Amino acid sequence: MTTPGRGMRVAAMVSLLVLPLAWFVALQEHPPWMPAAYLGYLLIIIAIPGTMFWRRLTGGTGWFFADAVLGTAFGLAVETLLYPIGMLFKMPFAALLMPALAVGVYRALPRRKLPERPTPWWATAGVMVAVGVAAAWFVRVGSQLIPLNGASALRPDSDAPHNLALAGELTHHFPPKVPYADGKWLTGHWAAYDQIASSHWLTNIPLDVLTHRIAPFAWILLTVLGAAAVGMLFTGRAVAAPIAAGLTVVAGDLTAWPWAASDRVLTESPFSLGQLTNPPQAFSTVLLLPLIAVTTLLLRRKPGQTRGQLFRLFVTAGVLIAALALTKATTLPIYAAGLAAAWIYLTVRAGRLNLRALVLGVSVAAAYVLTFFVVLGGAVSSVLFKPGKTFDQLADRMGGGSAVAVIGAVVVLGWVMPAVGALLIKRRVQRDPMPVFLVAGFLAAIVAAAVLYDDGLTQLFFVRTGFIYGVLLATWGLASLERREFSIAAVALLIGVAAIYWGRYRSDDACTSANCFGQGLVVALVIAAIGVGVFGLVLRGSRRTWALIAVAVLLGTTVSPTVVSLRKFATPPLTEYESIAPGGIDAARFIRRNSGSDDLIATNLHCHRARASHCLTGSYWISGYAERRVLVQGWAYQTRADDTYPDGVQSKYWDEETLRLNDEVFANPTRENLETLRTKYGVQWLLLDERVSAPPKNLDRLTELRFQYGSVRVYQLYPPPPDNPFPSQSPSPTGTPSPTPGFPTGTPSFPTGSPTQTPSFPTGPSSFPTGTSSFPTGTATFQTGNATFPAGSPSFPVGTPSFPTGALPTQTP
């Protein structure tokens, strides 16, 4: 007969099968080997070693489920710090050392029996339900936001190619430089991109699939699971796991109204557009959760804790703080604000300095100083102190004027709403500093977003960081309920859901002026108040019951953003024009396959929209898909990726002489300016977009046309031929005749799938006339430079190209 404990474990294990099933379903558009390869990498290289690190260094949380999730996130932090060190020594596979390092740490540190509490099957099953909802959402919305193939892939906004360009730079170079402009040192936070780069080396999954699909979805799942793990640690109850996971998936704030969400910037849950199109934001949330957990283990003094155990906890926190400092600028300030409040509280309560919180605070300050001077190069942030400026654009759409104050109040009210769950926390504050930590951090995020301003709305990432604080506060409050109170809370939550959807019933067309934009919110709050009153009178409950109903109804009103996004954000935010040239993706990939990682590209394309009357110099796709640096392509993201440039976001290029030479090559090429481009700047490739300018007549004569597809031509620069093309040959020392000039001396190799491709043609001019192998109309044309074939006499069987594997374009013109 099966014992209850064994049956519980079996049920929990069965429910865990939802996780791999959801993984493959959400990534079904890709070949199965891609999600399988990433899952294997995540399990073997990250999760198992990370869990070993976590349990040995921290002593564990008491639940293996929580330790495994938090350990996986900690493993990503270790990889984030290990990969740059490996790249400095030309070892991109450095993360492969993590299993060996984990075994060494596990054996070196003293062993002690960890207290274990089983996770009930229903708790695991509840978390898996949230995972399934996240996977369904990703299939319906998340995977549609950034198209990877077809005509839609040519119309992205500037964010997606920019992220891909930075990921490509971290894949091949460290320290990183600005890949799409002049090659100056990158003064931005790059840790999320080096994690993508490391997984690219270890799995061989294409970089665009990792950047826009697999890594974001993995981080969303780790956020859901991580919130569940931290909720269990805070409350000491397994019921917190499904509550935290569920709130992470469905909760949000009150600001997803038609007038507030039209730009998709004020929906702040992990399923907002910012989480999917900003890898640093999503990755920082994953790393923040284990940092909050280890902070909890430090500030809650366990009896009998030795100095060695305390030191190991500080080491764990130091690794996470260092990784976060390199990931996102808005994360550690929110953490530091909560930490400062907890330190003040503990110090006042004890009557002496709390050294643990003080050491953590000093560690955060040191990480910021090093990041500012070493990573950011001392560049001043573009975020300014402008209270209320965040809400101006919403007020402009609603008539401006006095609407700013009302809109600001409505939005801030919506941001604050998830924190009302703190009112239900039963644990007395005198015994635990973590409620103070969470409330202070959450309020700091809201204040920062309301009083700071940046033209790119980067101040909103403070709220996106603070969202997880609100989820944890609501989780802690709901998980503090008695068993009989959960049914009351469930009904109250449904009342809040009904109220918010009834209030949102007004469409965009029905509310377009300042006279009606607040009516929907008023209707929702009136219905919520009526629901609280009626339900409370029916139950005739105590003061505690009334408080429970009111808090649960208000929490129920925050579910709007996620579900609304299924309807409102299901179509990708594409441009009306092709910001990527037709054939451009294939051309960039051709350069990647046939060039070295240090090759440099020059292009005539600088504007996000070719031939636009107002040029937004925000074009980055060449460096993204080619994974090579570009001399000058775009520079409009200078204040986000490299804020050492003058004059704001959209300014003149800092080196006008370089830009002038670059553009002159495509307008009036000469042997002299091409040689200057090649010798002084190191340019080996030219990518010409015919939408910008027609190819000059003499460019084919001075360079070699290597690829032509759509509106794109790719040329390769070679040294000029010598004055005497046939110099006298000195006798070979061994008496063996020298190889015939113009032929490679060995069998050419054609690597397939490696991140850095070896050129598949001889480097240097051929001693034979350049020939062109022509394919039927609509296919690409490749120039071999090695042989000429008579017209009308194909020398290859039909359908068998004579070029390296994978060189043909994958898209239909």
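Relevant structure appears above.
Residues numbered from 1 in each chain as written. Predicted model: local features only at pLDDT ≥ 70, side-chain atom pairs only at ≥ 80, totals over all residues. Heavy atoms only, no water.

Chemist: Outline the layout of surface pockets, listing residues and values.
Modeler: By volume, the second largest pocket amounts to about 1,100 Å³. For the lining of the second largest pocket, the element with the most residues is helix α3 (residues 33-58), which contributes 6 residues. Along the lines of polarity and charge, the residues of the lining of the second largest pocket split into 24 nonpolar, 4 polar and 3 charged. (1 Å grid on protein atoms, 1.4 Å probe; cavity = no way out; pocket = protein on both sides within 12 Å on 5 of 7 lines; lining within 4 Å. Points joined across faces, edges and corners; volume = space filled by probe spheres on them. Helix = DSSP H or I, 4+ residues; strand = E, 2+ residues; numbered from the N terminus. Nonpolar A, V, L, I, M, F, W, Y, C, P; charged D, E, K, R; others polar.)

Chemist: Help me get a handle on the nonpolar core, residues and values and all.
Modeler: Tyr335, Tyr469 and Leu686 are the most contacted members of the largest nonpolar core, which totals 220 residues. It is helix α9 (residues 207-235) that contributes the most residues to this core, 20 residues altogether. Apart from the residues lying within four places of it in its own chain, the contact partners of tyrosine 469 are Leu288, Ile292, Ile334, Tyr335, Phe437, Leu438, Gly441 and Phe442. (Core = buried A, V, L, I, M, F, W, Y, C linked by side-chain atoms within 4.5 Å. Buried < 20%, exposed > 50% of the residue type's maximum accessible area, 1.4 Å probe, protein only. Contact = heavy atoms within 4.5 Å.)

Chemist: Can you lay out the pattern of salt bridges for me, pointing to particular residues and giving the numbers?
Modeler: Within this structure, the stated rule accounts for 14 salt bridges. The partner of arginine 629 in a salt bridge is glutamate 169, and the shortest N-O contact between them spans 2.6 Å. Pair noted here: arginine 629 is in strand β4 (residues 629-630) and glutamate 169 is in helix α7 (residues 159-172), with a separation of 460 residues, a long-range link. Residue classification places glutamate 169 among the buried positions, given a relative accessible area of 2%. Across the pair arginine 592 and glutamate 627 runs a salt bridge, and its minimum N-O distance is 3.5 Å. One end of the pair, arginine 592, is in helix α24 (residues 584-593); the other, glutamate 627, is in the loop between α25 (621-626) and β4, with 35 residues separating them in the sequence. Each of the salt bridges in this network shares a partner with another, and the network as a whole consists of Glu657, Arg660 and Glu664. (Salt bridge = Lys/Arg side-chain N within 4 Å of Asp/Glu carboxyl O.)

Chemist: Can you lay out the packing of aromatic side chains for me, pointing to particular residues and giving the numbers?
Modeler: How two aromatic rings sit relative to each other is set out by the distance from centre to centre and by the angle between their planes. In the structure shown here, the tally under the stated rule is 20 aromatic pairs. Arranged with centres 5.9 Å apart and planes meeting at 35°, the rings of phenylalanine 437 and tyrosine 469 form a pair that is tilted. Residue phenylalanine 437 is located in helix α18 (residues 434-451), and its partner tyrosine 469 is located in helix α19 (residues 460-479); the two are separated by 32 residues in the primary sequence. When its relative accessible area of 0% is taken as the criterion, phenylalanine 437 is described as buried. (Phe/Tyr/Trp six-rings, centres within 6.5 Å; stacked < 30°, edge-to-face > 60°.)

Chemist: Just give me the short version of α3, but keep the residues and values in it.
Modeler: Here α3 spans 35 Å end to end across 26 residues, near enough to the 38 Å set by a 1.5 Å rise per residue. Its maximal kink placed at leucine 43, α3 deviates by approximately 35°. Once α3 ends, the next one or two residues include glycine 59, with phi positive near 90°. (Expected span 1.5 Å × (residues − 1). Bend = angle between axes of the 7 residues up to and from the residue.)

Chemist: Describe the side chain of threonine 658, with residues and values.
Modeler: The residue threonine 658 is located in helix α27 (residues 656-667) in this model. Engagement of the side chain of threonine 658 in a polar contact is seen with the side chain of aspartate 655, the distance being 2.7 Å. (Polar contact = N/O pair within 3.5 Å; in protein donor to acceptor, adjacent residues only side chain to side chain.)

Chemist: Help me get a handle on the state of the cysteines, residues and values and all.
Modeler: Overall, the coordinates contain 1 disulfide when judged by the stated rule. Paired by a disulfide, cysteine 607 and cysteine 615 hold their sulfur atoms 1.9 Å apart. Judged by the sign of its S-S torsion, about -110°, the cystine formed by cysteine 607 and cysteine 615 is left-handed. Relative accessible area serves as the criterion here: at 23%, cysteine 615 is assigned to the partly exposed category. (Disulfide = S-S within 2.5 Å.)

Chemist: Go over the packing of helix α4 (residues 64-88) against helix α13 (residues 307-325), please, and point to the residues and values.
Modeler: Put simply, α4 and α13 touch, their axes get as near as 9 Å, and they point 60° apart. The two elements α4 and α13 meet at a crossing, and its hand is left-handed. The residues of α13 that touch α4, namely those facing Phe74, Ala77, Val78 and Leu81, are Thr316, Val319, Leu320, Ala322 and Ala323. Across the contact of α4 with α13, the residue classes break down as 8 nonpolar, 1 polar and no charged. (Axes fitted to C-alpha atoms, helices over the stretch in contact; angles between N-to-C directions. Left-handed = near helix turned anticlockwise from the far one by under 90°.)

Chemist: Can you tell me about the environment of isoleucine 591, naming the residues and giving the values?
Modeler: Within the secondary structure layout, isoleucine 591 lies in helix α24. Each C-alpha atom of the pair isoleucine 591 and isoleucine 601 lies 8.9 Å from the other, and the pair is 10 residues apart in sequence. Among all residues touching isoleucine 591, those that are not within four sequence positions of it are Ile601, Arg628, Trp685, Leu687 and Val714.

Chemist: Outline unusual backbone geometry, listing residues and values.
Modeler: Proline 175 follows phenylalanine 174 through a cis peptide bond whose omega is 0°. Relative to the helices and strands, proline 175 is located in the loop between α7 and α8 (191-203). Here the phi dihedral of arginine 540 falls at roughly 50°; this positive angle occurs in a residue that is not glycine. Mapped onto the fold, arginine 540 is located in the loop between α21 (519-539) and α22 (543-556). The phi torsion at arginine 611 lies on the positive side, around 60°, for a residue other than glycine. Mapping arginine 611 onto the fold places it in the loop between β3 (600-603) and α25.

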